[in-house]
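An overview of the molecular structure
Here's the letter readout for the chains.
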Amino acid sequence: MADPKGFLKYSREDEADRPVAERLHDWREITLPAAPDQLRRQGARCMDCGIPFCHAGCPLGNVIPDFNDLVWRDQWREALARLHATNNFPELTGRVCPAPCETACVLGINEPAVTIKQIERAIVDRGWAEGWILPEPPARRSGKSVAIIGSGPAGLACAQQLNRAGHLVTVYERADRIGGLLTYGIPDFKLEKIQVQRRIAQMEAEGVRFVTGCHAGFDISADELRREHNAIVLAGGATRPRDLPIPGRELAGVHFAMDFLTRQNRLNAGDTLETAHLISAAGLDVVVIGGGDTGSDCVGTSMRQGARSVTQLELLPQPPEARPSHQPWPYYPMILRSSTSHKEGCERCFSVLTRAFGGEDGRLRRLQLARLEWVNEAGRQVMREIPGSAYTLPADLVLLAMGFLGPETGGLIEQLGVALDERGNVQADDSYQTSVEGVFAAGDMRRGQSLVVWALAEGRDAARGVDQWLTGRSDLPTMRAREQSLARR
């Protein structure tokens, strides 16, 4: 283990962020790298618990005490190997994961948890800087071909695993760049695109084939895919946004969050957009409806575009600041969390109902709102509008960030005829195979809107299912296989 008394000697030290006044003028990543000595101290805080609950907190099953110990011992290359054993792309989770592993940390019962996410990011960043991360092409090919639909985190993780197992993998992406939400959904100030681009280069060197600008089900049919490939993996994400069909929805100035974020990321990537296609917050009163990560990303993007004001509305009540009693350790608690974007000048309003959009000459100018109270009725929380609480909020731009309803079911899904579950997601069994033999599903398309870390875990698990179906056996590791192995013991 790391220093046996490290958790007694050292306090938690988080990474520093660039000052707000500086970072609002560019799109570079916010977080500054920590010094090696700080990272060693943080690794030393790991208690190497007899039962490391951080393993269960991590959807990927990262072997966290091991790489903490290796960092403390200054054995960084070994730490990287341990990290890559369970996580294909730790530079992603080290930046955009909410770190459920830390809320499950045993030290976190009565002290601030180990800075697991910070250490994870530092390990992989050093791996890239030192040139330790290289292509790992398979020693031999199986002769089997797999089509992966979608190049987000689930698709990329599945592709790399299957390719390393020896299969010929082709990834189809309808956008003009690879990466899915990693490229177009997450702002650069959270995830600079070099992090995605160099993994794509690594995978291309390993033999993965990428096809962009190809909308499966339209540019290439399900029949063509089945003729050309032995298996298909659906990893297209949950891309149907939740709308807000209230009076005034047709007014100019009301947009879905992903349309807003994607266009800014295109500009950052060097694309030229016509003025008619721009969605700019410059000089406007911006309202973001939705309190999740996507809403937070809209806040940070609006601030960098020069918004006059930014307000974020949430239908639900404000969460508590401390872990509530009904969500005890090691569960991930629903508490009030402030992102770096919130700290840049956003007003947050909870328990607010949007009743109507208002404007003149077809243009949005205001929102009609009302305050809510949440009451318990027969064990359920029910919202009630507070009498006399209606008010108006100036708004020139509204961004709808209320989550996603599931995958787009036309085109390929319809052509393949795969079954859907009660929520409209693609239904799949424990091996990730759908109701159609040889067709698998992973990530948000299968489980619904979720986290990048869950998408990576799903992609890895689906790769094992595909490999086993193609060859009759599989040596690919998965979190599910690990859980089953532990259960047998």
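Look up: the structure comes first, before these words.
The following refers to the structure shown. Keep in mind it's a predicted model, so treat the numbers as computed, not measured. (Residues numbered from 1 in each chain as written. Predicted model: local features only at pLDDT ≥ 70, side-chain atom pairs only at ≥ 80, totals over all residues. Heavy atoms only, no water.)

1. Side note on the overall build of the protein
A tally of helices and strands in the protein yields 19 helices and 14 strands. For 489 residues, the compact-globule formula gives about 23 Å, and the C-alpha radius of gyration of the protein, at 23 Å, lands near that figure. For the protein, the spread of C-alpha atoms along the principal axes amounts to about 65 × 65 × 50 Å. Across the 489 residues that make up the protein, the buried fraction comes to 52%. Across the protein, the fraction of contacts at a sequence separation of at least 24, relative to all contacts at a separation of at least 6, is 68%. With the model as given, the accessible surface of the protein reaches about 21900 Å², and the carbon-plus-sulfur share is 50%. (Helix = DSSP H or I, 4+ residues; strand = E, 2+ residues; numbered from the N terminus. Rg over C-alpha atoms; globule rule 2.2 N^0.38 Å. Buried < 20%, exposed > 50% of the residue type's maximum accessible area, 1.4 Å probe, protein only. Contact = heavy atoms within 4.5 Å. Areas by Shrake-Rupley, 256 points an atom, 1.4 Å probe, with all protein chains shown as cover.)

2. Regarding the layout of surface pockets
Here the second largest pocket is characterised by a volume of approximately 270 Å³. Surrounding the second largest pocket, 18 residues form its lining, Pro33, Arg121, Ala122, Asp125 and Arg126 being those nearest its centre. Ranked by residue count, the leading element in the lining of the second largest pocket is helix α9 (residues 116–130), at 5 residues. Residue composition of the lining of the second largest pocket, grouped by class: 7 nonpolar, 3 polar and 8 charged. (1 Å grid on protein atoms, 1.4 Å probe; cavity = no way out; pocket = protein on both sides within 12 Å on 5 of 7 lines; lining within 4 Å. Points joined across faces, edges and corners; volume = space filled by probe spheres on them. Nonpolar A, V, L, I, M, F, W, Y, C, P; charged D, E, K, R; others polar.)

3. Focus on the pairing of strand β13 (residues 397–400)
Each regular strand displays side chains that alternate between the two surfaces of the sheet. Along β13, one buried face is formed by Leu397 and Leu399 and the opposite face, lined by Val398 and Leu400, is buried too. Sheet topology places strand β5 (residues 254–256) next to β13; 3 bridges connect them, and they run parallel. Across the sheet, the residue bridging to Val254 is Val398, located in β13. Examined bridge by bridge, strand β6 (residues 285–289) and β13 share 4 bridges and lie parallel to one another. Bridge pairing in β13 places Val287 opposite Val398. (Pairing = 2+ DSSP bridges.)

4. Here we look at the environment of Val114
Assignment of secondary structure puts Val114 in the loop between α8 (100–103) and α9. Note: C-alpha distance between Val114 and His342 (228 residues apart in sequence) is 24 Å. Those residues within four positions of Val114 in sequence are excluded, and the remaining contacts are Arg12, Gln42, Arg45, Cys46, Asn68, Glu102, Cys105, Leu107 and Ile119.

5. A word on the side chain of Asp297
Within the fold, Asp297 resides in helix α15 (residues 293–305). Of the residues examined, Asp297 reaches a relative accessible area of 5% and is grouped as buried. Ignoring any residue separated from it by four or fewer positions in sequence, one finds Asp297 in contact with Gly185, Pro187, Phe189, Lys190 and Leu261.

6. Concerning the sheet that holds strand β8 (residues 347–350)
What the 5 strands build is an open sheet, ordered β5-β13-β6-β7-β8; its pairing is parallel. The two strands at the open ends of the sheet, each matched to only one other strand, are β5 and β8. Strand-to-strand twist in this sheet, taken as the mean axis angle between neighbours without regard to direction, amounts to 20 degrees. Relative to the sheet, helix α14 (residues 257–268) contacts β5 and β13, its axis offset from that of β5 by approximately 75 degrees. (Axes fitted to C-alpha atoms, helices over the stretch in contact; angles between N-to-C directions.)

7. Focus on the packing of aromatic side chains
Tallied over the entire structure, the rule returns 3 aromatic pairs. Between the NZ or CZ atom of Arg304 and the centre of the ring of Phe189, over which it lies, the distance is 3.9 Å. Above the ring of Trp454, the side-chain terminus of Arg447 is found at 4.0 Å from the ring centroid. (Phe/Tyr/Trp six-rings, centres within 6.5 Å; stacked < 30°, edge-to-face > 60°. Lys NZ or Arg CZ within 6 Å of the ring centre and 35° of its normal.)

8. Observations concerning the sheet that holds strand β4 (residues 231–234)
The parallel open sheet is built from 5 strands, whose spatial order is β3-β2-β1-β4-β14. The open sheet terminates on both sides in strands that have one partner only, identified here as β3 (209–211) and β14 (439–441). The sheet shows a mean angle of 20 degrees between the axes of neighbouring strands, direction not considered. Examined bridge by bridge, strand β2 (residues 168–172) and β3 share 3 bridges and lie parallel to one another.

9. Thoughts on the side chain of Arg95
Inspection of the secondary structure puts Arg95 in helix α7 (residues 90–96). Judged by relative accessible area, which is 10%, Arg95 ranks as buried. At 3.2 Å, the side chain of Arg95 forms a polar contact with the backbone oxygen of Glu91. Filtering out sequence-adjacent residues up to four positions away, Arg95 remains in contact with Glu29, Lys117, Arg121, Asp125, Lys190, Leu191 and Gln195. (Polar contact = N/O pair within 3.5 Å; in protein donor to acceptor, adjacent residues only side chain to side chain.)

10. As for the pattern of salt bridges
Following the criterion strictly, the structure yields 36 salt bridges and no others. A salt bridge links Arg18 to Glu22; the nearest nitrogen and oxygen atoms lie 2.8 Å apart. Arg82 is the partner of Asp66 in a salt bridge, and the nearest nitrogen-oxygen pair spans 2.6 Å. Residue Asp66 is found in helix α5 (residues 64–72), and its partner Arg82 is found in helix α6 (residues 76–84); the two are separated by 16 residues along the sequence. Looking at Asp66, the relative accessible area reads 29%, which means it is partly exposed. Each of Arg18, Glu22, Asp26 and Arg28 takes part in one network of salt bridges that share partners. (Salt bridge = Lys/Arg side-chain N within 4 Å of Asp/Glu carboxyl O.)

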